[in-house]
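# Observations on the three-dimensional arrangement
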Amino acid sequence: MPCSKIIATSDQLKQIIADLAHKISSDYCSLENCLALVVLEGAKTFSEDLLAKMNFPIETTTIKAASYEGTRSTGQVKIDAASGLVNKIRNKNILLIDDIYDTGQTLSSIIKWLKNCNPKSIRTCALLEKQTQHAKAVNVDYIGMKIEDDFVVGYGLDYNGIYRNLPYIGVLSEKNQKP
Ligand code: IMP
Ligand code: MG
């Protein structure tokens, strides 16, 4: 096993996602023009399971953002938005979905970018929140689980592109990290 400790098993993730979907659905069910904006690559697995449990009409699209090299944030967020995304966002009730709220740089950069596209509203959902000093504080409306300040992998989260396919989330053991 590549992990020294399991943070959330597959069954625990299912429960966390069912609870999140319930909360989000009750807040969004009376709204029209809802758009889920999924941050790739990390939030892909989580968002697919979450969206499948939501019981109101919502359009789905993606945005790419990357800031990590190995187990460290570079502090520079690269946003890669498809052409046409700006028009899609205008006047929509946006649900921004990411895997983890760590330094906050990714979410705050995307929110800043989103505001320029004139959406009707923006709410944010992250599966995990790291208990750390967030360099950029973000008001994350829906959080699945708070975790310690460890580097975690699985269920979409990667280390240099690997371990995304693990069905659980765990702390990557030191021996699996390159110095
Ligand atoms: P932030 O910009 O520091 O908040 O980090 C957000 C992004 O960094 C997340 O969307 C993840 O893709 C990545 N990230 C942060 N912490 C971890 C981790 O522990 N494991 C894997 N990816 C992480
Ligand atoms: Mg990410």
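Our subject is the structure that appears above.
Residues numbered from 1 in each chain as written. Chains lettered and ligands numbered in written order. Predicted model: local features only at pLDDT ≥ 70, side-chain atom pairs only at ≥ 80, totals over all residues. Heavy atoms only, no water.

## Considerations on the state of the cysteines
Definition in use: A pair of cysteine sulfur atoms is labelled a disulfide when the two atoms are within 2.5 Å.
Counted under the stated rule, the structure contains zero disulfides. Free of any disulfide, C34 has its nearest neighbouring cysteine sulfur in C29, separated by 9.4 Å.

## A few points about the site of ligand 1
How we decide: Proximity criterion: a residue is near a molecule or strand once any of its heavy atoms comes within 4 Å of it. Counting of polar contacts relies on pairs of N or O atoms within 3.5 Å, with two restrictions inside protein: one atom must be capable of donating a hydrogen and the other of accepting it, and residues adjacent in sequence are counted only when both atoms are side-chain atoms. Areas reported as accessible are Shrake-Rupley estimates using a 1.4 Å probe. Residue values count occlusion only from the protein chains shown. Put plainly, a pocket is an open set of points on a 1 Å grid over the protein atoms alone with protein on both sides within 12 Å along at least five of seven lines, a cavity is a set where a 1.4 Å probe fits but cannot get out, and a lining residue has an atom within 4 Å of a point. For a molecule to be placed in a cavity or pocket, more than half of its atoms must lie within 2 Å of the grid points of that cavity or pocket.
Surrounding ligand 1, one finds 16 residues, the nearest of these being D99, T103, G104, T106 and V152. Interatomic distance of 3.1 Å between a side-chain N/O atom of D98 and an oxygen atom of ligand 1. The separation between an oxygen atom of ligand 1 and a polar side-chain atom of T106 is 2.5 Å. Out of a free accessible area of 490 Å², ligand 1 has 93% covered by protein chains. Because more than half of its atoms lie within 2 Å of the grid, ligand 1 is assigned to the largest pocket.

## Looking at the layout of surface pockets
Heads up, the rule is: Grid points are joined across faces, edges and corners, and a volume is the space filled by probe spheres set on the points. Helical segments are the DSSP runs of H or I of at least four residues, strand segments are the runs of E of at least two, and each set is numbered from the N terminus. We call Asp, Glu, Lys and Arg charged. Ala, Val, Leu, Ile, Met, Phe, Trp, Tyr, Cys and Pro are nonpolar, and the rest, Gly among them, are polar.
In this structure, the largest pocket encloses a volume near 590 Å³. Breaking the lining of the largest pocket down by element, the ones donating at least two residues are strand 2 (34-40), strand 3 (59-69), strand 4 (72-80), strand 5 (93-101) and helix 4 (105-115). When residues of the lining of the largest pocket are assigned to their parent elements, the largest contribution, six residues, is made by strand 3. Broken down by class, the residue content of the lining of the largest pocket amounts to 13 nonpolar, nine polar and 11 charged.

## Let's talk about the pattern of salt bridges
Counted only if it meets this: Salt bridge criterion: a side-chain nitrogen from Lys or Arg within 4 Å of a carboxyl oxygen from Asp or Glu.
Evaluated as defined, the whole model comprises seven salt bridges. Between R164 and D158 there is a salt bridge, with the nearest N and O atoms lying 3.3 Å from each other.

## A short note on the nonpolar core
Inside soluble globular proteins, nonpolar side chains tend to come together where they are buried. Inclusion rule: Residues belong to one nonpolar core when they are buried, are Ala, Val, Leu, Ile, Met, Phe, Trp, Tyr or Cys, and are joined through side-chain atoms within 4.5 Å. Only protein chains enter the area calculation, which uses a 1.4 Å probe; residues under 20% of their type maximum are buried, those over 50% are exposed, and those in between are partly exposed.
I24, F46, L50, M54, L95, V152 and I169 are the most contacted members of the largest nonpolar core, which totals 33 residues. Broken down by secondary-structure element, the contributors of at least two residues to this core are strand 1 (3-8), helix 1 (10-28), strand 2, helix 2 (44-52), strand 5, strand 6 (121-130), strand 7 (142-147) and strand 9 (169-172). Looking at this core element by element, the count peaks at seven residues for helix 1. Listed in part, the 18 residues of the second largest apolar core include I63, L85, L96 and V140.

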